[in-house]
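# Structural features, examined
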Amino acid sequence: MQFWITFRTGFRDAHYLVEYIIVNNREEQFKIIARNGSVTFSSNRPLFRNKGLRKRKPDYVLVEGNIPNKSTERQLVQAIQSYVEKNLEG
């Protein structure tokens, strides 16, 4: 499944295409695709949902790629989390 995320960088909005990849019942991955490359985040959200821990925030780990700025990495994770909470949670 693919979706778009948007977040503010300085004075303009950045839009990125995200591929949602289900790895197994314990892990999922989000591949963020930009013009000059891509990065992949791994999340343990399915593990918590299968155990019934709906309030527990999942951990997001950068698996592939390079983001030199930690604040940009946090903004990407927050944008993914907000999309997941609104559209993928059931």
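Preceding this paragraph is the structure being described.
Residues numbered from 1 in each chain as written. Predicted model: local features only at pLDDT ≥ 70, side-chain atom pairs only at ≥ 80, totals over all residues. Heavy atoms only, no water.

With that settled, consider the pattern of salt bridges. Tallied over the entire structure, the rule returns 4 salt bridges. A salt bridge links Arg8 to Asp13, with the shortest nitrogen-to-oxygen separation between them at 2.7 Å. For Asp13, a relative accessible area of 38% translates into the label partly exposed. Arg45 is paired through a salt bridge with Glu28; the nearest N and O atoms lie 2.8 Å apart. With Arg45 in helix α1 (residues 45–50) and Glu28 in strand β3 (residues 28–34), this pair connects stretches of sequence that are 17 residues apart. With respect to burial, Arg45 and Glu28 carry one shared label: buried. (Salt bridge = Lys/Arg side-chain N within 4 Å of Asp/Glu carboxyl O. Buried < 20%, exposed > 50% of the residue type's maximum accessible area, 1.4 Å probe, protein only. Helix = DSSP H or I, 4+ residues; strand = E, 2+ residues; numbered from the N terminus.)

Now for the packing of aromatic side chains. Aromatic rings in a pair are described by how distant their centres are and how their planes are angled relative to each other. Tallied over the entire structure, the rule returns 5 aromatic pairs. Measuring from ring centre to ring centre gives 6.2 Å for Phe30 and Tyr60, while their planes differ by 40°; the resulting arrangement is tilted. With Phe30 in strand β3 and Tyr60 in strand β5 (residues 60–64), the pair connects residues that are 30 residues apart, well separated along the chain. Residue classification places Tyr60 among the buried positions, given a relative accessible area of 15%. By way of ring pairs, the aromatic residues Phe3, Tyr20, Phe30, Tyr60 and Tyr83 are connected into one cluster. (Phe/Tyr/Trp six-rings, centres within 6.5 Å; stacked < 30°, edge-to-face > 60°.)

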